Each structure stands twice: as structure tokens, then as C-alpha cells.
Amino acid sequence: MEAKPVYKSFSRDRTIEELLYHTSLWIPEFDFIQVELAFIKRLIKAYPFSSTIPNLYERLQLFILELDNFEKEKNNIAEKIKNYHHKISENSEINTLESGHFYVLEYEKLAEEVFMYLIHYKNLKIQIFEYINGLIN
């Protein structure tokens, strides 16, 4: 049985700079995912596969629906990241934040959401790539 990755928070004091750094890393990651989602959907919609495969069209449509859902969720999380990043950058006069501080708690919640999104997104990509690989062999 394979162990599933779980988000772990290591409660310790954090600085505003640390939170800004981590959220600034997430922003380009989600920008890249946007490009990736568009490419995968375009590849699937281009339909470069043999049409003799049973249920091919239905399976591809399900992937497109899942990709659309991931895109909506990505947009939602990206907006949360930008809002959070903006909020803490406005309060940069605070230096060290204790583990129970509002900004740290909000960061941990957002970090877990980003972590889980990336795990599920990578699993979906694996499913799509394996399915398409089977079609082109």
C-alpha cells in the first residue's frame, strides 16, 4: 500500500520575509500551471488519436472537464495567494510572528491548500499522460 503525501506544518516562529518568500514562489508555479493546462487541453482537443478506440471521445471529454475544474480551482488559489501576499507585504513592519499569529495560521491553511492542489494536479497529469501514451503506442 502506497503512502499518500500529507502536508505537515512545523510550528515555529516565522518572519514576514519568510512568508513573502514562500508565497512569491507559489505565484510563478501557478502561472506555469496555467500554461500547462492550456497546452494539455489543446492537445486533447486537437484529437490526434485513432478514432477506433472504444469510448475515446467520452474519456477525452472527461479529462477536459477535469482540467476545467483544475483551472477554476487554480484561479481561486492564485487569487488567495496574491491577496495574502499583498496583505502581509503591507504589514512588513512586523518582524517575527509566533506560531499562533493570525498571519501564520492563514499561511499554514493556504500552504496546505497549495500542497494538496499540486498533489492532485500532478496525479491528474499522470493519468492523462499514461492514457495518451497508451493511445500513441
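Residues numbered from 1 in each chain as written. Predicted model: local features only at pLDDT ≥ 70, side-chain atom pairs only at ≥ 80, totals over all residues. Heavy atoms only, no water.

A.B. asks: What exactly am I supposed to notice about the packing of helix α1 (residues 16-46) against helix α2 (residues 56-90) here?
C.D. replies: To describe two helices that pack against each other, one gives the angle between their axes and the distance between the axes. Across the interface, α1 lies against α2 with an axial gap of 9 Å and an inter-helix angle of 160 degrees. Overall, the two elements α1 and α2 adopt an arrangement that is roughly antiparallel. Crossing geometry of α1 relative to α2 is assigned as left-handed. (Axes fitted to C-alpha atoms, helices over the stretch in contact; angles between N-to-C directions. Helix = DSSP H or I, 4+ residues; strand = E, 2+ residues; numbered from the N terminus. Parallel < 35°, antiparallel > 145°, perpendicular 65-115°, else oblique. Left-handed = near helix turned anticlockwise from the far one by under 90°.)

A.B. asks: Where do I start with the pattern of salt bridges in this structure?
C.D. replies: Pairs may arise between side chains of opposite charge once their charged atoms sit close together. Tallied over the full model, the rule gives five salt bridges. For Lys80, the salt bridge goes to Glu113, with nearest N and O atoms at 3.0 Å. Placement of Lys80 in helix α2 and of Glu113 in helix α3 (residues 102-136) is noted, with a sequence separation of 33 residues between them. Among the residues examined, Lys80 registers a relative accessible area of 35% and is labelled partly exposed. Three or more residues joined by partner-sharing salt bridges are found here, namely Lys41, Asp68 and Glu71. (Salt bridge = Lys/Arg side-chain N within 4 Å of Asp/Glu carboxyl O. Buried < 20%, exposed > 50% of the residue type's maximum accessible area, 1.4 Å probe, protein only.)

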